[in-house]
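Listed here are the chains, written in short residue letters.
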Amino acid sequence: MNKIKAAFPSFVTSLNMVCGVCASVLAMQGETRLAVVLIILAAVFDFCDGFVARLLNSVSEFGKQMDSLSDLISFGVAPSVIMYEFAVSNGLFSHYVALFVLLIAVFSGLRLAKFNIDPEQTTEFKGLPTPASALFVISVCYYCKTSDATLAQALTSQAAVIAVVAFVCIMMVVNLRLFSMKIKMLKIKAIIWQLILVASLVAFVCIFGVLGLAFTIILYVILSIIRNIINRDNSHGDTACHVATESSNNK
């Protein structure tokens, strides 16, 4: 029973990997819709495996490494293949030039390696997590594939593809602190940023459909920047009060 308990989180992680592999194969065959669904499903498994591991007290180094390998496939390789197929099938780039979109997979690997060796990324992230970057990429591709709207036509361009690739690659490795969606306590003040993001996600998806995922990722970055500014100002204010108190006590 203990062995089954210890192996269950890794089993959930393996489902993440299976989704990523299948999504990559389907994307190469032009089955973008199914590939996108599988990547979203992989993100669900990615969230659940950590939750299950903590719930069963089965957190291990093996599970951590397997999780990163699965994430590289599901949120690095698979989105790259989807973007590649999108760029080539729409005649935006030649087969060889379009290979630059594989930078998404490369920077995903860098992001995951950085995460694995940084002990500070337990309660918050430095750089955009790979699942978030993947959701941004696939939401744009899916929207353009399934919509005839003016915005979809504008996004189906060389400039848009380059901008999307540049955005996710830079955001994954930049030292910008982004809040985690892990909930430690159920106090409103402690999870206010997460609540705002979830509420915005629901609203964006209802209004814009799958493209709402991309808008949510952009909002996630903006909210994190605002949070960092507020925390920095509060920290400076606390330091100033502390110095003033010490000065008063020394008189």
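Please read all numbers here as calculations on a predicted model, not as lab measurements.

**So, the overall build of the protein chain**
Thought 1: Looking only at helices and strands, one finds 9 helices and 2 strands in the protein chain.
Thought 2: In the protein chain, the succession of helices and strands from N to C terminus is α-α-α-α-β-α-α-α-β-α-α.
Thought 3: Looking at the protein chain alone, contacts between residues at least 24 apart form 73% of all its contacts between residues at least 6 apart.
Thought 4: Summing over all exposed atoms, the protein chain offers an accessible surface of approximately 13600 Å²; the carbon and sulfur share of this is 70%.

**What about the pattern of salt bridges?**
Thought 1: Tallying each qualifying case throughout the model produces 4 salt bridges.
Thought 2: A salt bridge links Asp118 to Lys126, with the shortest nitrogen-to-oxygen separation between them at 3.4 Å.
Thought 3: Here Glu124 and Arg177 are joined by a salt bridge, their closest N and O atoms 2.6 Å apart. Linking Glu124 in strand β1 (residues 124-126) with Arg177 in strand β2 (residues 177-179), this pair joins segments that are 53 residues apart in sequence.
Thought 4: On the basis of relative accessibility, which here comes to 15%, the residue Glu124 falls in the buried class.
Thought 5: Bridged by salt links that share partners, the residues Glu124, Arg177 and Arg227 form one connected network.

**Things to note about the packing of helix α2 (residues 32-55) against helix α3 (residues 61-89)**
Thought 1: In contact at an axis separation of 11 Å, α2 and α3 are set at 160° when each is read in the N-to-C sense. When the interaxial angle is binned, α2 and α3 end up roughly antiparallel. When the axes of α2 and α3 are compared, the crossing they make is left-handed. Contacts between α2 and α3 pair Thr32, Ala35, Val36, Ile39, Ala42, Ala43, Asp46 and Asp49 from the former with Asp67, Asp71, Ser74, Phe75, Ala78, Pro79, Ile82 and Glu85 from the latter.
Thought 2: Partitioned by chemical class, the residues of the contact of α2 with α3 number 9 nonpolar, 2 polar and 5 charged.

**As for the packing of aromatic side chains**
Thought 1: Taken as a whole, this structure holds 7 aromatic pairs when the rule is applied.
Thought 2: Three or more aromatic residues link up through ring pairs in this structure, and these residues are Phe204, Phe208 and Phe215.

**Observations concerning the nonpolar core**
Thought 1: Core analysis: the largest hydrophobic core is formed by 58 residues, its most contacted members being Ile39, Ile82, Met83, Leu128 and Val161.
Thought 2: Elements supplying a minimum of two residues to this core: α1 (2-28), α2, α3, α5 (130-146), α7 (158-173), β2, α8 (192-208) and α9 (212-250).

**A few points about the confidence of the model for the protein chain**
Thought 1: On average, residues of the protein chain score 87 in pLDDT, and 89% of them are at 70 or above.
Thought 2: Ranking the elements of the protein chain by mean pLDDT puts α9 last with 76 and α7 first with 96.

**Quick notes on the packing of helix α4 (residues 103-116) against α7**
Thought 1: For the pair α4 and α7, interaxial distance at closest approach is 9 Å and the crossing angle is 10°. As the angle between them shows, α4 and α7 are arranged roughly parallel. For the element pair α4 and α7, the recorded crossing hand is left-handed. On the side of α4, the interface is formed by Leu103, Ile104, Phe107, Ser108, Leu110, Arg111 and Lys114, while α7 contributes Val165, Val168, Cys169, Met172 and Val173.
Thought 2: Residue classes in the contact of α4 with α7 are distributed as 9 nonpolar, 1 polar and 2 charged.

**As for the side chain of Ser74**
Thought 1: Within the secondary structure, Ser74 is located in helix α3.
Thought 2: Excluding residues that lie within four positions of it along the chain, Ser74 makes contacts with Asn16, Met17, Gly20, Ile39, Ala42 and Pro79.

**Digging into the state of the cysteines**
Thought 1: Evaluation of the coordinates by the stated rule reveals 0 disulfides.
Thought 2: The thiol sulfur of Cys144 is not disulfide-bonded, and the nearest other cysteine sulfur, from Cys141, lies at 7.0 Å.
Thought 3: Using a relative accessible area of 10% as the deciding quantity, one classes Cys144 as buried.

**A word on a nonpolar patch on the surface**
Thought 1: Together, Ile188, Ile192, Leu195 and Ile196 give the surface a local cluster of nonpolar side chains, amounting to about 320 Å² of exposed area.
Thought 2: Its place among the elements puts Leu195 in helix α8.
Thought 3: Its relative accessible area of 38% is what places Leu195 among the partly exposed residues.

Quick notes on the rules
- Residues numbered from 1 in each chain as written.
- Predicted model: local features only at pLDDT ≥ 70, side-chain atom pairs only at ≥ 80, totals over all residues.
- Heavy atoms only, no water.
- Helix = DSSP H or I, 4+ residues; strand = E, 2+ residues; numbered from the N terminus.
- Contact = heavy atoms within 4.5 Å.
- Areas by Shrake-Rupley, 256 points an atom, 1.4 Å probe, with all protein chains shown as cover.
- Salt bridge = Lys/Arg side-chain N within 4 Å of Asp/Glu carboxyl O.
- Buried < 20%, exposed > 50% of the residue type's maximum accessible area, 1.4 Å probe, protein only.
- Axes fitted to C-alpha atoms, helices over the stretch in contact; angles between N-to-C directions.
- Parallel < 35°, antiparallel > 145°, perpendicular 65-115°, else oblique.
- Left-handed = near helix turned anticlockwise from the far one by under 90°.
- Nonpolar A, V, L, I, M, F, W, Y, C, P; charged D, E, K, R; others polar.
- Phe/Tyr/Trp six-rings, centres within 6.5 Å; stacked < 30°, edge-to-face > 60°.
- Core = buried A, V, L, I, M, F, W, Y, C linked by side-chain atoms within 4.5 Å.
- pLDDT = per-residue confidence, 0-100.
- Disulfide = S-S within 2.5 Å.
- Patch = residues over 30% accessible without salt bridge, like charges linked within 9 Å, V, L, I, M, F, W, Y side chains within 5 Å.

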